[in-house]
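Take a look at the letters that make up each chain.
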Amino acid sequence: MIIVGAGQAGLAVAAALRAEGLEPQRDFIVIDGAPSLHLRSWRDRRATLELLSDARHSAFPWRPLPGDQRRRIQADEMADYLSAVEAALGVETRWNVRATSVEHSGSGTTLFLSTSAGIVQTRNVVCATGATSRPASPSWASYLAVPGIVLHSHDYRSPDQIPRGDVLIVGGGNAGVRLAHELSATHRVTLATRTPRVIRADRGRAPRAGRPPRFAPRAAHREPVHGPNLAALRRSGVTLASGVVHADGARVRFADGSVASPTSVVLATGYHPGDEWLAGATPQPRRATLTDIPGLFVAGIPRFGRPESVTIAGVWNDATIIAQHIMGRP
């Protein structure tokens, strides 16, 4: 059995399999396309990044985070936590091995997993490559040619990266709002957003970030923003604009017809899930984590599970379901 991905989703599945009596390296292995001895992606984030949920809801139920359970968790602490979980489980991740495709041939139970290290035959494959694996950029971004820089929020580390001048931040989600507030202390900032979001006052914690409102239809759920509200952003000097619809060199056009020529642009436009290597695999209606390929499961990606699959609590639910299905397979 092979788990693809050594982040929170992959480790959740490894833990759920261990709870069923399976042993890492003997009954299953974990592979990850990141370089050997890679410092987890949490360490690659900006220094000021905090999780949206507090410590109570940012850890697996069987291994709580130490200290004040109501505090926000920093990126480095999350990286340390996941490394500790990996060690506690006895998982020896095979780094620098990237999955490229998976196929099921004939009527048997064998899957053929193609990787950068070759093709492997196995009965079960778990895609645990996450919902935020690849930065997503709008199509018009390829036409930008500004005097400063264009970068995705994934690559943002500190205000020192951004040249002096006007900064356009595209995207009104949590990343966009927080970056607008942070950069407003050193730059002239415009925040462009297409879709209005519910902004919850940032009182230092968001106990269950990522969990949809009770009784809300799944299709209608959008992650609320935890941070300064629009009035607070305006007071800090941030200019609010409608969504960007076109770019031509240094000029961008907004949905309301206005134009701007920013010095730099930060794209806080979200991510693509790491499921591109699954090819034609499709989710099974009302059967979370299952695909139409026997023996292929997905953890931590809402399209194959639930909206809360992106959270620690949600991915743990995915993992326990997957473990039960694997143990019950003939």
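About the thresholds
- Residues numbered from 1 in each chain as written.
- Predicted model: local features only at pLDDT ≥ 70, side-chain atom pairs only at ≥ 80, totals over all residues.
- Heavy atoms only, no water.
- Helix = DSSP H or I, 4+ residues; strand = E, 2+ residues; numbered from the N terminus.
- Buried < 20%, exposed > 50% of the residue type's maximum accessible area, 1.4 Å probe, protein only.
- Contact = heavy atoms within 4.5 Å.
- Phe/Tyr/Trp six-rings, centres within 6.5 Å; stacked < 30°, edge-to-face > 60°.
- Pairing = 2+ DSSP bridges.
- Right-handed = clockwise from strand over helix to strand, strands pointing away.
- Polar contact = N/O pair within 3.5 Å; in protein donor to acceptor, adjacent residues only side chain to side chain.
- Core = buried A, V, L, I, M, F, W, Y, C linked by side-chain atoms within 4.5 Å.
- Salt bridge = Lys/Arg side-chain N within 4 Å of Asp/Glu carboxyl O.
- pLDDT = per-residue confidence, 0-100.

What follows deals with the overall build of the protein. Scanning the protein from terminus to terminus reveals five helices and 24 strands. Expressed as a percentage of its 330 residues, the buried residues of the protein come to 46%. Of the contacts formed within the protein by residues at least 6 apart in sequence, a portion of 65% connects residues at least 24 apart.

What follows is about the packing of aromatic side chains. Enumeration according to the criterion identifies four aromatic pairs in this entry. Between Phe-60 and Tyr-81 the ring centres are 6.4 Å apart and the planes differ by 35 degrees, which places this aromatic pair in the tilted class. With Phe-60 in the loop between β3 (50-54) and β4 (72-74) and Tyr-81 in helix α2 (residues 75-89), the pair connects residues that are 21 residues apart, well separated along the chain. Its relative accessible area of 1% is what places Phe-60 among the buried residues.

Another point: the pairing of strand β6 (residues 99-104). With five bridges connecting them, β6 and strand β7 (residues 111-115) associate as antiparallel partners. Along β7, the bridge assignment pairs Glu-103 with Phe-112. Between β6 and the antiparallel strand that follows it, β7, lie six residues; Gly-106 among them carries a positive phi value of about 70 degrees.

Now for the pairing of strand β13 (residues 188-193). The pairing of strand β12 (residues 166-170) with β13 spans five bridges and is parallel. Bridging from a neighbouring strand, Asp-166 pairs with Arg-188 of β13. In terms of handedness, the path from β12 via helix α3 (residues 174-183) over to β13 forms a crossover that is right-handed. The pairing of β13 with strand β16 (residues 239-242) spans four bridges and is parallel. When the bridges of β16 are listed, Ala-192 appears paired with Ala-241.

Before going further, it helps to spend a moment on the environment of Glu-276. Within the secondary structure, Glu-276 is located in the loop between β21 (271-272) and β22 (283-284). Taking C-alpha positions, Glu-276 is 9.8 Å from Thr-129, a pair spaced 147 residues apart along the chain. Of the polar contacts made by the side chain of Glu-276, one reaches the side chain of Arg-134; its length is 3.3 Å.

Attention shifts here to the nonpolar core. One finds Ile-3, Val-13, Leu-17, Phe-28, Phe-60, Tyr-81 and Val-126 to be the most contacted residues of the largest nonpolar core, which totals 37 residues. Of all the secondary-structure elements, those providing two or more residues to this core are α1 (8-19), α2 and α5 (312-328). Tallying contributions element by element places α1 first for this core, with eight residues. Beyond its immediate sequence surroundings of up to four residues, Val-126 is in contact with Ile-2, Ile-3, Val-4, Val-13, Phe-297, Ala-299, Ile-322 and Ile-326.

This part is about the pattern of salt bridges. Tallied over the entire structure, the rule returns seven salt bridges. We note a salt bridge from Arg-26 to Asp-27, for which the minimum N-O separation is 2.7 Å.

Let's shift gears to the confidence of the model for the protein. Predicted confidence across the protein gives a mean pLDDT of 86, with 85% of residues reaching 70 or more. Taken together, the stretch residues 203-221 has pLDDT below 50 and engages in 34 contacts with residues farther than four places along the chain or on a different chain.

Strand order in the open sheet made by the three strands is β17-β18-β19, with antiparallel pairing throughout. Looking at strand neighbours, the two that pair on one side only are β17 (244-248) and β19 (259-260), the edges of this open sheet.

Once that is clear, we can look at the side chain of Asn-124. Here Asn-124 lies in the loop between β8 (118-122) and β9 (125-127). Apart from residues no more than four positions distant in its own chain, Asn-124 is found in contact with Met-1, Ile-2, Leu-111, Gly-295, Phe-297, Ile-326 and Arg-329.

The phi angle at Arg-286 is positive, at roughly 60 degrees, despite the residue not being glycine. Mapped onto the secondary structure, Arg-286 falls in the loop between β22 and β23 (287-291). The exposure class of Arg-286 is exposed, given its relative accessible area of 83%. Within the chain, Thr-289 stands out as a residue other than glycine whose phi angle is a positive 80 degrees. Structurally, Thr-289 is set in strand β23. Since its relative accessible area comes to 0%, Thr-289 is described here as buried.

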